[in-house]
Amino acid sequence: MMVAAAANPLPRHVAITMDGNGRWAKTRGLARIAGHKAGLTPVRMCISECGKRGISALTLFAFSSENWSRPAEEVGSLMGLFVESLEREIAELHAQGVRMRFIGERRHLPVRLQARIAAAEERTANNQGLKLQVAVSYGGRWDIVQAAQALARECSIGALRPEDITEERFSQSLALAGVADADLVIRTGGEQRISNFLLWNLAYAELYFTPKLWPDFALTDFDDALAFFSNRERRFGRVS
Ligand code: IPE
Ligand code: IPE
Ligand code: MG
């Protein structure tokens, strides 16, 4: 007997706010950075699972515009961790066919990290597998403002007319240009807020919140989030 297919078998684009690393470390009497390091295990798991399941895009929120206000020691350790992890993981990501991009205000990042990012993007640019976006020094408001600036520049030189700025055209100036809107946003760590993540691109995303702290986020938790998604009826403002 045929079983009716779920309305939304799989999201095309999953976006994750990886929260709770500090609390994970604290409960173990460890420094916060130990929690950030432990967060790499679920990062690897989610990337490989998205690849295996044919989910086309994954966006990971790693460091927000507001996270610059944390103590310098934590910020410094995190930047170091991004450099090290990228160096260590890039060959494996490339082997998995991942196309890697970073979104965020890059000029604020340490030069060494900027160089690693450029190298990783260049190396994986032609890969046809999972589109992986890592949001570092990213804020949804920054993204909208930088898009507005880019469009204003085009208007000021006469290359674009204000009335030609449609939603479609605006999207093309955002950091996630060319990537479908987020279908599912997962946030670990128990907070039920957006914290300036993809404001534009999550307009119609399904939101999944879990109290699990990010370093504890396991395959079964990812499955739970996907099952939640598949049970949602996405109406996009219409009626059933
Ligand atoms: C998320 O974990 C990672 C970053 C924001 C860099 P947190 O560091 O926010 O962990 P909690 O929320 O303090 O537990
Ligand atoms: C959101 O977590 C940013 C990332 C996970 C990178 P935060 O811990 O910074 O968010 P708030 O402060 O709880 O809103
Ligand atoms: Mg947090």
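Model, not experiment: these values are computed from the prediction.

**Some remarks on the site of ligand 1**
Here is step 1: In the neighbourhood of ligand 1, 13 residues make up the surrounding shell, with D19, G22, R23, R32 and R70 lying closest.
Here is step 2: At 3.4 Å from an oxygen atom of ligand 1 is found a main-chain nitrogen or oxygen belonging to G20.
Here is step 3: Taking G22, its main chain carries an N or O atom lying 2.9 Å from an oxygen atom of ligand 1.
Here is step 4: Compared with its free state, where it exposes 380 Å², ligand 1 has 87% of that area covered by protein.
Here is step 5: Within the residue set of the shell around ligand 1, elements represented by two or more residues are α1 (21-27), α2 (32-38) and α4 (72-95).
Here is step 6: A total of 3 residues in the shell around ligand 1 trace back to one element, the largest contributor, which is α1.
Here is step 7: The residue inventory of the shell around ligand 1, partitioned by class, reads 3 nonpolar, 5 polar and 5 charged.

**Notes on the site of ligand 2**
Here is step 1: Neighbouring ligand 2 are the residues T17, M18, D19, F61, A62, F63, N67, R70, R187, R193 and S195.
Here is step 2: In the environment of ligand 2, an oxygen atom lies 3.1 Å from a nitrogen or oxygen atom belonging to the side chain of D19.
Here is step 3: Between ligand 2 and the protein, one listed contact pairs an oxygen atom with a side-chain N or O atom of R70 at 3.3 Å.
Here is step 4: Bound to the protein, ligand 2 loses 78% of the 390 Å² it would expose on its own.
Here is step 5: Broken down by element, the shell around ligand 2 gets its largest block of residues, 3 residues, from strand β2 (residues 57-64).
Here is step 6: Here the residues of the shell around ligand 2 are counted per class, giving 4 nonpolar, 3 polar and 4 charged.

**Brief notes about the side chain of R187**
Here is step 1: Tracing the chain through its elements places R187 in strand β5 (residues 184-187).
Here is step 2: For R187, a relative accessible area of 5% translates into the label buried.
Here is step 3: Reaching out from R187, the side chain makes a polar contact with the backbone oxygen of R193 at a distance of 2.9 Å.
Here is step 4: Excluding residues that lie within four positions of it along the chain, R187 makes contacts with T17, D19, R193, I194, S195, Y208, F209 and T210.

**Thoughts on the sheet that holds strand β4 (residues 131-138)**
Here is step 1: The parallel open sheet is built from 6 strands, whose spatial order is β3-β4-β2-β1-β5-β6. Either end of the sheet is taken by a strand with one partner, and the two such strands are β3 (99-103) and β6 (206-209). Across the sheet, the mean angle separating the axes of adjacent strands is 20 degrees when strand polarity is ignored.
Here is step 2: As defined by bridge partners, strand β1 (residues 13-17) adjoins β2 across 5 bridges and the pair is classed as parallel. Note that in β2 the partner of H13 across the bridge is A57.
Here is step 3: Strands in contact with helix α3 (residues 40-53) are β1, β2 and β4; relative to β2, the strand with the most contacts, it is inclined by about 160 degrees.
Here is step 4: Across the face of the sheet, α4 comes into contact with β2, β3 and β4 while running at roughly 155 degrees to β2.

Reading guide: rules and limits
- Residues numbered from 1 in each chain as written.
- Chains lettered and ligands numbered in written order.
- Predicted model: local features only at pLDDT ≥ 70, side-chain atom pairs only at ≥ 80, totals over all residues.
- Heavy atoms only, no water.
- Near = heavy atom within 4 Å.
- Polar contact = N/O pair within 3.5 Å; in protein donor to acceptor, adjacent residues only side chain to side chain.
- Areas by Shrake-Rupley, 256 points an atom, 1.4 Å probe, with all protein chains shown as cover.
- Helix = DSSP H or I, 4+ residues; strand = E, 2+ residues; numbered from the N terminus.
- Nonpolar A, V, L, I, M, F, W, Y, C, P; charged D, E, K, R; others polar.
- Buried < 20%, exposed > 50% of the residue type's maximum accessible area, 1.4 Å probe, protein only.
- Contact = heavy atoms within 4.5 Å.
- Pairing = 2+ DSSP bridges.
- Axes fitted to C-alpha atoms, helices over the stretch in contact; angles between N-to-C directions.

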